[in-house]
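Residue-level structural notes
The primary structure of each chain is shown beneath.
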Amino acid sequence: MNTDSFALRHIGIREEDLPDMLKTIGVDSLDELIFQTIPQDIRLKEDLPLDKPMSEQEFLNHIHEVSRKNKVFKSYIGLGYHESITPSVIKRNILENPGWYTAYTPYQAEIAQGRLEALLNFQTMVCDLTGMELANASLLDESTAAAEAMTMLFDVRTRDQKKNQVVKFFVSEEVLPQTLSLLETRSKPLGIELVIGKHSEIELDPGYFGVLLQYPGKYGAIFNYSDFVSKAKNNDIRVAVAADILSLVLLTPPGEFGADVVVGSTQRFGIPLGYGGPHAAFFATREDFKRSIPGRIIGVTRDSDGARGLRMALQTREQHIKRDKATSNICTAQVLLAVMAGAYAVYHGPKGLKYIADKVHSHTLHLADGLEQMGLYQLNSAFFDTILVKANAEQIRPIAEKNHINFLYVDKETIAISLNEATTKERVNEILTVFAIALGKEKPTGNASKRISLLGADMQRTSVYLTHEVFNSYHSETQLMRYLKRLERKDLALNHSMISLGSCTMKLNAASEMLPLSMPEWGNIHPFVPLEQAAGYHEVLEELSRELSIITGFAATSLQPNSGAQGEYAGLMTIRAYHQSNGESHRNICIIPASAHGTNPASAVMAGMRVIVTKTDEKGNIDVNDLEEKVKLHSENLAALMVTYPSTHGVFESSIRKITQLIHDHGGQVYMDGANMNAQVGLTNPAIIGADVCHLNLHKTFAIPHGGGGPGVGPICVAKQLAPFLPGNPVVKTGGEKAITAISAAPWGSALACLISYGYIKMLGAEGLRRATEIAILNANYIKERLEGKYEVLYTGEQGRAAHEMIIDCRPFKVKEVEVTDIAKRLMDYGFHAPTVSFPVAETMMIEPTESEGLSELDRFCDAMIAIRQEIDEIEEEKVNNVMKNAPHTLKMVTADTWNFPYSREKAAFPLAYVEESKFWPSIRRVDEAYGDRNLICTCAPIEAYAESE
């Protein structure tokens, strides 16, 4: 065995497994299977022109060498990003732990109680610090969260406001520049009119539906917004506040002065800077808006025994239900980062956070005093961690950078300095030394400020926070380590068994790909540093962009979108800009097949397009006749077709090139959803099928772990004509020559996570990438054949083959009153996470095994599915007390003194022999979804409060 080959480690199938697998499938070779699966007219004729693959050790040496090209300065730039300290116990037990980072979104609550509790902690932390009633389980970044706040407030306008077409939204000039850029992006397609100015000067009138304030302001000033908010409320204008979460430990929370929405970033709660991400944003609001809040909410409910349980509440997967009526296209969160931020609050507790906030403010007072003693005065009458200094920037900057220090140079005469958790007295003195040298003066010798606070006497917090037991119990490393382990043991992740979720590609997240994330040379870079300080990052990001362009066959790539949904939106916005540049702004029709992901229509509406849905035929393919009819009908206004390839039904449609040519003939562009790229890489590509833009889920095909529901990265790759419109950033120049405004906050999105995909491509190379795709298709077809006769596969290609995933039909089991949910829950007893349930067809399962699973695991899964089918067959009619309806079976249930079930305890808990070797116990019985929505509790409420709701 070639131990230098990463492909042999990543791909689970061994060469000796192939003969039996191919025999089961009914082909003589892997080439024959691929020939029968992918239409020949879209096959690549040559291997991808990528670098020769590296071994794991070569890659680790390489990434370390490249990291040394980054210059890790002490950055006091601020603008929403601050150096933070990740407690080692959190770094080792969460960030570096596959039990946390390989988990999937907690749609199956009974085997995700650990993650759900960690997210409930996060929501409680956010509600407590913001003074709001309800918070979601995180969003992508602060700027995205602010844009979601604007669109939510637009959606919940009063009836009169909608009738009178009230569309103005006031944005304070204190708002972060990247947030303002993103607001511009989001507002234009929806017809929202932004009005930017000083909150102290604007005359609010009934023509406004909402406002956005920054707290503290972008350069650190603290304003008392109480009177302004009161005036807004008197005019039926709702208020959103973008707040710094650490400052809320000391400042009056926005909820207490009347805010309707509070957003921000939890990055400074122990999350590395990572050149811009990934970080967990927060979104908190009043309970009045619980049906409109974007993203996910974790709520308390009960299981079938009446015991407390957690699950995703209310709007879970609303895009797949509401589609073009959805309030947002965001269906993801930054779960891994939210878990870390919540754990940071658990570890430090209210007293620890107070100590950190006091220390930051004290150092800022010391710095302000020292500068004042040298004759430099700062402009903020009240501040928390940021001062605005009048000084000669051209004089200061070279000396600061020579001493490896970054400030924010607002203009030639103004410098902003933002201190952070990592700032010490010694670091403050280093800053003062820089100014002393520049001014030719002696550095002040005083060690501390005589002032206690400059927060503003009327803005200091008096309310308590983080009073729940969880924030006051785990302050030693031993305590937190054990608490995190208890949570981890409740969750089924990839380190336990295969997660065969269709469309989600839960493949191996190799340790060698993950290790660079812990290197300080990658973690401690602020996204707005001068480009030369991030030379290592740019080498990686430019090379990754080049490789993704080669893989997709396109001309250019933007890495800025930080989720798949963001990628969809970014792709459509480039198409929109392209049509506008051609003088065809009227092109606003987006055609979407009925089988498409639910985020597709939601993204199209957000991009200002009108959605036209086309039919699918009985084989699950796009109905070409219906498509042609609708294209001709809307020819003059056709903007785009959104298509998933292979289809959402797991089939390579042979008519794809005819379809894309039809769109081009009528002046439209083709957007390809990249969710199923794992069946394309190295064998075909979006450019060959005729697409113009695609997004790629780096957290699927390119090995970034799902992290329990995020981080995700959704870059877009575009054809030549769309390249000039790739998204820009207001602080650091990026994007095309005619760049659209920002899609996410950071110039290169979640840059730190991109290291993972970079490593994946570098270590696999062209041959390994192609082999991975071939084995993904092999594994799917092997499962298909093994389940033959037990389950019906709904859709196949023209030669009876599946792509990398397939849909099995569970509707026939309804005669036994068995639903697809019952199969999903029973799989837990066999030690497996269910495949994708009821998408894209109700009462079906979409199975995707991925290339990193070995034959023994595939067989275990098939054995479990076959055994479940037998259990269904054994059910007597109208007998609802059966092993399917009672699943999952918990340890408490199986070891109880009484057993009132017509089957054995062994059958319940150990249905096949392999289960005994490594039993995973669901921690609760089946959750009651409806009860939880009727009795909505989304924070760590006392047990008494839960009891009162019954």
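Residues numbered from 1 in each chain as written. Predicted model: local features only at pLDDT ≥ 70, side-chain atom pairs only at ≥ 80, totals over all residues. Heavy atoms only, no water.

Digging into the pairing of strand E10 (residues 308-313)
Burial runs high along E10: five of the six residues are buried. Direction of pairing for strand E9 (residues 297-302) relative to E10: antiparallel, over a ladder of six bridges. Looking across to E10, one finds that Ile 297 is bridged to Ala 313. (Buried < 20%, exposed > 50% of the residue type's maximum accessible area, 1.4 Å probe, protein only. Helix = DSSP H or I, 4+ residues; strand = E, 2+ residues; numbered from the N terminus. Pairing = 2+ DSSP bridges.)

Notes on the pairing of strand E13 (residues 408-411)
Sheet topology places E13 next to strand E14 (residues 414-418); three bridges connect them, and they run antiparallel. The residue of E14 that forms the bridge with Tyr 409 is Ile 415. If you look at the hairpin formed by E13 and E14, you'll find two residues sitting between the two strands.

With respect to the environment of Arg 308
Positionally, Arg 308 belongs in strand E10. Residue Arg 308 is classed as partly exposed on the basis of its relative accessible area, which comes to 34%.

As for a negative patch on the surface
There is a patch of like negative charges on the surface, built from Glu 817, Glu 819, Glu 877 and Glu 878. Among the structural elements, Glu 819 can be located in the loop between strand E23 (806-809) and helix H26 (820-829). (Patch = residues over 30% accessible without salt bridge, like charges linked within 9 Å, V, L, I, M, F, W, Y side chains within 5 Å. Areas by Shrake-Rupley, 256 points an atom, 1.4 Å probe, with all protein chains shown as cover. Salt bridge = Lys/Arg side-chain N within 4 Å of Asp/Glu carboxyl O. Lys, Arg positive; Asp, Glu negative; His and termini not counted. Charge placed at Lys NZ, Arg CZ, Asp CG, Glu CD.)

Some points on unusual backbone geometry
In the segment running from Tyr 645 into Pro 646, the intervening peptide bond is cis, with an omega of -10°. Take Pro 646: it is sitting in the loop between strand E18 (638-644) and helix H23 (656-665). Unusually for a residue other than glycine, His 404 sits at a positive phi of about 60°. Looking at where His 404 falls in the secondary structure, it is placed in the loop between helix H14 (393-402) and strand E12 (405-406). Under the relative-accessibility criterion, His 404 is labelled partly exposed at 44%.

A word on the confidence of the model for the chain
Per-residue pLDDT for the chain has a mean of 94; in total, 97% of the residues score no lower than 70. Segment residues 943-950 is flagged for pLDDT under 50; beyond a separation of four residues in sequence, or across chains, it makes 15 contacts in the model. (pLDDT = per-residue confidence, 0-100. Contact = heavy atoms within 4.5 Å.)

With respect to the layout of surface pockets
Its volume calculated, the second largest pocket comes out at about 570 Å³. What lines the second largest pocket is a set of 24 residues, and nearest its centre among them are Arg 489, Lys 490, Trp 921, Pro 922 and Ser 923. Where the lining of the second largest pocket is concerned, the elements lending two or more residues are helix H16 (477-488) and helix H28 (891-894). Classifying every residue of the lining of the second largest pocket by side-chain character gives seven nonpolar, six polar and 11 charged. (1 Å grid on protein atoms, 1.4 Å probe; cavity = no way out; pocket = protein on both sides within 12 Å on 5 of 7 lines; lining within 4 Å. Points joined across faces, edges and corners; volume = space filled by probe spheres on them. Nonpolar A, V, L, I, M, F, W, Y, C, P; charged D, E, K, R; others polar.)

Some points on the sheet that holds strand E6 (residues 238-243)
Ordered by their spatial adjacency, seven strands build an open sheet running E2-E8-E7-E6-E5-E3-E4, and the pairing between neighbours is mixed. Among the strands making up the open sheet, the edge pair consists of strand E2 (134-135) and strand E4 (193-197). Here five bridges tie strand E7 (residues 261-265) to strand E8 (residues 281-285), and the two strands are oriented antiparallel to one another. By the bridge assignment for E8, Val 263 is matched with Phe 283.

A look at the packing of aromatic side chains
By the definition in use, this model includes 28 aromatic pairs. Centre to centre, the rings of Tyr 215 and Phe 257 are 5.3 Å apart; their planes meet at 80°, and the pair counts as edge-to-face. Taken together, the residues Tyr 215 in strand E5 (residues 208-215) and Phe 257 in the loop between E6 and E7 connect sequence positions 42 residues apart. Here Tyr 215 and Phe 257 have matching classes, each one buried. A centroid spacing of 6.3 Å and a plane angle of 70° characterise the contact between Phe 407 and Tyr 409, whose relative ring orientation is edge-to-face. Across this residue pair, the class does not change: Phe 407 and Tyr 409 are buried. What links up through ring pairs into an aromatic cluster is the set Tyr 76, Phe 407, Tyr 409 and Phe 435. The ring of Phe 910 has Lys 919 lying over it, and the distance from NZ or CZ to the ring centre is 5.8 Å. (Phe/Tyr/Trp six-rings, centres within 6.5 Å; stacked < 30°, edge-to-face > 60°. Lys NZ or Arg CZ within 6 Å of the ring centre and 35° of its normal.)

Examining empty space enclosed by the protein
This model, assessed by the stated rule, comprises 13 cavities of 30 Å³ or more. Estimates place the volume of the largest cavity at around 480 Å³. As for the largest cavity, its lining consists of 31 residues, and the residues nearest its centre are Tyr 104, Cys 331, Cys 504, His 699 and Lys 700. Where the lining of the largest cavity is concerned, the elements lending two or more residues are helix H12 (318-322) and helix H20 (564-581). With three residues, the top contributor of residues to the lining of the largest cavity is H20. In terms of residue class, the lining of the largest cavity is made up of eight nonpolar, 18 polar and five charged. Taken as a whole, the second largest cavity encloses approximately 240 Å³ of empty space. Along its surface, the second largest cavity is lined by 21 residues, and Gly 80, His 82, Gln 214, Pro 216 and Asp 244 are the ones closest to its centre.

Considering the sheet that holds strand E15 (residues 556-558)
Strands sit in the order E15-E21-E20-E19-E18-E16-E17 across an open sheet of seven strands; the sheet is mixed. Of all the strands in the sheet, the pair left with one neighbour each is E15 and strand E17 (610-614). Between one strand and the next, the sheet's axes are offset by a mean angle of 20°, whatever the strand orientation. Bridging between strand E16 (residues 589-593) and E17 involves five bridges; their strand directions are parallel. Within the sheet, the bridge partner assigned to Ile 589 lies in E17 and is Arg 610. Along the sheet, H20 contacts E16, E18, strand E19 (669-673), strand E20 (693-695) and strand E21 (716-718); its crossing angle with E19, the most-contacted strand, is approximately 175°. Against the sheet, helix H22 (residues 624-633) touches E16, E17 and E18, its axis set at about 150° to E17. (Axes fitted to C-alpha atoms, helices over the stretch in contact; angles between N-to-C directions.)

Describing the pattern of salt bridges
Pairs can form between side chains of opposite charge once their charged atoms are near each other. With the rule as written, the count across this model stands at 46 salt bridges. When the shortest N-O distance is used, the salt bridge between Arg 770 and Asp 47 registers 3.0 Å. Here Arg 770, found in helix H25 (residues 751-786), pairs with Asp 47, found in the loop between helix H3 (30-37) and helix H4 (56-67); they are 723 residues apart in sequence, far enough to count as distant. On the basis of relative accessibility, which here comes to 52%, the residue Asp 47 falls in the exposed class. Here Asp 859 and Arg 786 are joined by a salt bridge, their closest N and O atoms 3.0 Å apart. Separated by 73 residues along the polypeptide, Asp 859 in helix H27 (residues 855-874) and Arg 786 in helix H25 bring together distant segments of the chain.

Some details on the packing of helix H13 (residues 335-373) against helix H15 (residues 425-439)
What describes two packed helices is the angle between their axes and the distance between those same axes. As a packed pair, H13 and H15 sit with axes 10 Å apart at the nearest point and diverge in direction by 25°. Viewed along their axes, H13 and H15 adopt a mutual orientation that is roughly parallel. Like other packed secondary-structure pairs, H13 and H15 cross with a definite hand, here right-handed. Contacts from His 363, His 366, Leu 367, Gly 370 and Leu 371 of H13 reach H15 at Lys 425, Val 428, Asn 429, Ile 431, Leu 432 and Phe 435. A per-class count over the contact of H13 with H15 returns six nonpolar, four polar and one charged. (Parallel < 35°, antiparallel > 145°, perpendicular 65-115°, else oblique. Left-handed = near helix turned anticlockwise from the far one by under 90°.)

Observations regarding the environment of Val 428
With respect to the helices and strands, Val 428 occurs in helix H15. Residue classification places Val 428 among the buried residues on the basis of a relative accessible area of 0%. A C-alpha to C-alpha distance of 26 Å links Val 428 and Ala 345, two positions 83 residues apart in sequence.

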